[in-house]
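Okay, here's what each chain looks like letter by letter:
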Amino acid sequence: MTDTPDQTRAGFVALIGEPNAGKSTLLNRMVGAKVSIVTHKVQTTRARIRGVAMEGASQIVFVDTPGLFRPRRRLDRAMVAAAWGGAADADVVVLLVEAYRGVTEGVEKILEALAERAVPKQRVALAINKIDRVEAPVLLALTKDLNDRFPFVHTFMISAEKGHGVDTLRKWLAEELPVGPWLYPEDQIADLPMRMIAAEITREKLTLRLHQELPYQLTVESEKWEDRKDGSARIDQVIYVSRDGHKGIVLGNKGETIKAVGQAARVEMEEFLGRKVHLFLQVRVRTNWQEESERYDEMGLDFKDGNR
């Protein structure tokens, strides 16, 4: 396939599934760079992060949606609305299911919703992830069960973490996209503003460091960004928490926690940006930040979706 205008392809691929199914890991593997945060906590992806991957003359724009779950709070509802919005807008949808968990109640709900929300001509593929954790007979039974429940156009067996089967999935996706011009410059890997990517990096480090419920009660914003003459960047970020007690947890004993978080985030930002970063973190208490539309704008979510 040559890169002539009439042969280039481009389109959107939505990765959907339960929280922690491996969507962010798969996105990062496909794109070849870390554009979506990966943690062991569920529901860590809030915004519809797009990663751009090139495969031959095809440009695949991945929509990494928040995990689909039963929403309780306004933020939860906005995240689920963003996930289904991403799926509805995509040319191809890939449902990720964890091999060892099988058809959970959450997967059943997603399959029901997929059937109800079916978009004409939209192709839905199944990717069974973490295949290295189960035996072949279990995989075969799960594949049959899922395909009996929904008419998937193709089923892939993958390990997003180890890379097994990912190239095959990416090649198939590249061929499924509509013929047309590329949507982004060839060297662009994500359409999120750098300010938001930097905020996501810091939020990931906080989530990894704090193993309580607290991470769902905080958000990070890049308040200021200064490109300096020496080529470095100064980034000032604010960590918003809901209660005074949470502020103490984020700061840690003698500021140890926030210092460690800042150091880990700075190293990753420097790696991502390819230049020196001066990172400054502040913690502020905003009791009702989850009810403030500005916070949703920063996360790329629609505040009104929280009313649904």
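Residues numbered from 1 in each chain as written. Predicted model: local features only at pLDDT ≥ 70, side-chain atom pairs only at ≥ 80, totals over all residues. Heavy atoms only, no water.

**Some words on the packing of helix 6 (residues 194–209) against helix 8 (residues 256–273)**
Heads up, the condition is: Note on method: axes are straight lines fitted to C-alpha atoms, helices fitted across the in-contact stretch only, with angles between N-to-C directions ranging 0 to 180 degrees. Each helix is a run of DSSP H or I of at least 4 residues and each strand a run of E of at least 2, with the numbering of both proceeding from the N terminus. Angle categories are assigned with fixed cut-offs, so that under 35 degrees is roughly parallel, over 145 is roughly antiparallel, 65 to 115 is roughly perpendicular, and the rest are oblique. The handedness criterion is simple: a crossing whose near helix is rotated anticlockwise from the far helix by less than a right angle is left-handed, and one whose near helix is rotated clockwise is right-handed. Contacts are assigned to residue pairs with any non-hydrogen atoms lying within 4.5 Å of each other. Under the convention adopted here, Pro, Cys and the residues Ala, Val, Leu, Ile, Met, Phe, Trp and Tyr are nonpolar, Asp, Glu, Lys and Arg are charged, and Gly plus all remaining residues are polar.
Relative to each other, helix 6 and helix 8 sit at 140°, their axes nearing to 9 Å. When the axes of helix 6 and helix 8 are compared, the pair comes out oblique. Crossing handedness for the pair helix 6 and helix 8: right-handed. Residues Met194, Ile197, Ala198, Ile201, Thr202, Glu204, Lys205, Leu206 and Arg209 of helix 6 form the contact with helix 8, whose own contacting residues are Glu256, Thr257, Ala260, Val261, Ala264, Ala265, Glu268, Met269, Phe272 and Leu273. Across the contact of helix 6 with helix 8, the residue classes tally to twelve nonpolar, two polar and five charged.

**Details of the packing of helix 1 (residues 23–31) against helix 5 (residues 166–176)**
As a packed pair, helix 1 and helix 5 sit with axes 10 Å apart at the nearest point and diverge in direction by 75°. Judged by the angle between their axes, helix 1 and helix 5 are roughly perpendicular. Residues Leu26, Arg29 and Met30 of helix 1 lie in contact with helix 5, whose contacting residues are Val166, Leu169, Arg170 and Leu173. Tallied by class, residues from the contact of helix 1 with helix 5 come to five nonpolar, no polar and two charged.

**With respect to the nonpolar core**
To keep it simple, the criterion reads: Take the buried residues of types Ala, Val, Leu, Ile, Met, Phe, Trp, Tyr and Cys, join any two whose side-chain atoms come within 4.5 Å, and each joined set is a nonpolar core. Burial here depends on accessible area, computed with a 1.4 Å probe over protein chains only, as a share of the maximum for the residue type. Under 20% is buried, over 50% is exposed, and the range in between is partly exposed.
If you look at the biggest cluster of nonpolar residues, it comprises 24 residues, and the most contacted ones within it are Val13, Leu26, Phe62 and Leu173. Of all the secondary structure elements, the ones that give two or more residues to this core are strand 1 (9–17), helix 1, strand 3 (58–64), strand 4 (92–98), strand 5 (123–129) and helix 5. At five residues, helix 5 tops the list of elements feeding residues into this core. Not counting the four nearest positions on each side in its chain, Val13 is found in contact with Ile60, Val61, Phe62, Val63, Ala90, Val92, Val94, Leu173 and Leu177. Within the second largest apolar cluster, 22 residues are counted, among which are Val63, Leu111, Ile128 and Leu146.

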